[in-house]
Amino acid sequence: QGVEVQTDYVPLLNSLAMYGWQLTCVLPTPIVKTNREGNLSTKQIVFLQRPSLPQKAKKESKVNNL
């Protein structure tokens, strides 16, 4: 009651999306800190992944470039 949760992963996700990374999961941790204004902050674990090319496709592209 009376608690507002603020998270902003957009800048992080936009910067990593350029390299093919995608957000898969966010896990909250039990770590809670209070700042001078009395606001609480928590730490979270962010899992990212990016697709990989099959090994066969990588080898074929190298052979075609030679």
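Definitions and limits used
- Residues numbered from 1 in each chain as written.
- Predicted model: local features only at pLDDT ≥ 70, side-chain atom pairs only at ≥ 80, totals over all residues.
- Heavy atoms only, no water.
- UniProt positions renumbered as here; feature names shortened; annotations may be inferred.
- Pairing = 2+ DSSP bridges.
- Helix = DSSP H or I, 4+ residues; strand = E, 2+ residues; numbered from the N terminus.
- Buried < 20%, exposed > 50% of the residue type's maximum accessible area, 1.4 Å probe, protein only.
- Contact = heavy atoms within 4.5 Å.

- Going by an unreviewed UniProt entry, the protein chain carries the name RFTN1 protein and comes from Grantiella picta.
- What UniProt states about the protein chain under its Sequence similarities (unreviewed entry) heading is, verbatim, "Belongs to the raftlin family."
- UniProt annotates the protein chain under Subcellular location (unreviewed entry) with the comment "Cell membrane".

## Section: the pairing of strand β2 (residues 40-49)
Next up, step 1: In this sheet, β2 lies alongside strand β1 (residues 22-34) in antiparallel orientation, the contact comprising nine bridges. What sits directly across from V26, in β2, is V46.

## Looking at the environment of K43
Next up, step 1: Within the fold, K43 resides in strand β2.
Next up, step 2: On the basis of relative accessibility, which here comes to 44%, the residue K43 falls in the partly exposed class.
Next up, step 3: Linking K43 and P28, residues 15 residues apart in sequence, is a C-alpha distance of 6.5 Å.
Next up, step 4: Beyond its immediate stretch of four places on either side in the chain, K43 contacts P28, T29, I31 and K33.

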